[in-house]
Amino acid sequence: YYTELTVKSLKEAELFCCLLKTEFGLNGKITKYKNKNAYRVYCSNGKNKRITKNKLSEWLKKENINETGINKKVPDFLFTQSNTIIAKFLSGLFHADGSFHKNGYYNSYIITYHSISEKLIKDIQHLLLRLGIISFLRKQSLKSSGFRTKNAVIWSLNIRGYDIIRFKNLIGFQTKKQETFLNLI
């Protein structure tokens, strides 16, 4: 594995490159996805295009943030942070992997987050509850699940009803599209 980050905007990619340089002494190479409105930043020490050991990867490993797949979890240190920090973390998390849509079956709106990691989903639920937001978990069996996995189970975290308003007021989304949709309710 090598250290990389995927972000939605060029501005976010440039900000990450700046942080790489000032905090970790690394260079970032920005590439745009061909079929997505997203950017990937690869970490580099200037000699190699992609490197596996650097100050950033060592810090991520030390803080147990480098887990993948079913082993993903919220970093332990986040559970001791202020509600403001937790809200910012959740905002980024839902910005990257969450969704907000109308549930046709119930004719209502729903915020969802999916993962193959049961631990990650339960950690997110814990942080949401700390902010007073109630969510529901659902385990689904699939014939095939996502990227780089043979796992046939996916976990869904769902936020409904009044808790969507609490989510909007305390956490929010970072994109205009998602925020515009939230304003419909």
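Definitions and limits used
- Residues numbered from 1 in each chain as written.
- Predicted model: local features only at pLDDT ≥ 70, side-chain atom pairs only at ≥ 80, totals over all residues.
- Heavy atoms only, no water.
- Pairing = 2+ DSSP bridges.
- Helix = DSSP H or I, 4+ residues; strand = E, 2+ residues; numbered from the N terminus.
- Axes fitted to C-alpha atoms, helices over the stretch in contact; angles between N-to-C directions.
- Contact = heavy atoms within 4.5 Å.
- Disulfide = S-S within 2.5 Å.

## Here's the deal with the sheet that holds strand E6 (residues 136-141)
- Pairing within the open sheet is antiparallel, and its four strands lie in the order E4-E5-E7-E6. With one partner strand each, in any of the chains shown, strand E4 (98-103) and E6 form the two edges of the open sheet. On average, each strand axis in the sheet is inclined to that of its neighbour by 30°, with strand direction left out of account.
- Across six bridges, E4 lies against strand E5 (residues 108-115) in antiparallel orientation. Within E5, the residue paired with Phe100 across the bridge is Ile111.
- Lying over the sheet, helix H4 (residues 118-130) contacts E5, E6 and strand E7 (153-160), oriented at roughly 15° with respect to E7.

## Thoughts on the state of the cysteines
- For the structure shown, the criterion picks out zero disulfides.
- No disulfide involves Cys18; its sulfur sits 8.8 Å from that of Cys17, the nearest cysteine.
- The thiol of Cys43 is not disulfide-bonded; the next cysteine sulfur, from Cys17, is found 8.2 Å away.

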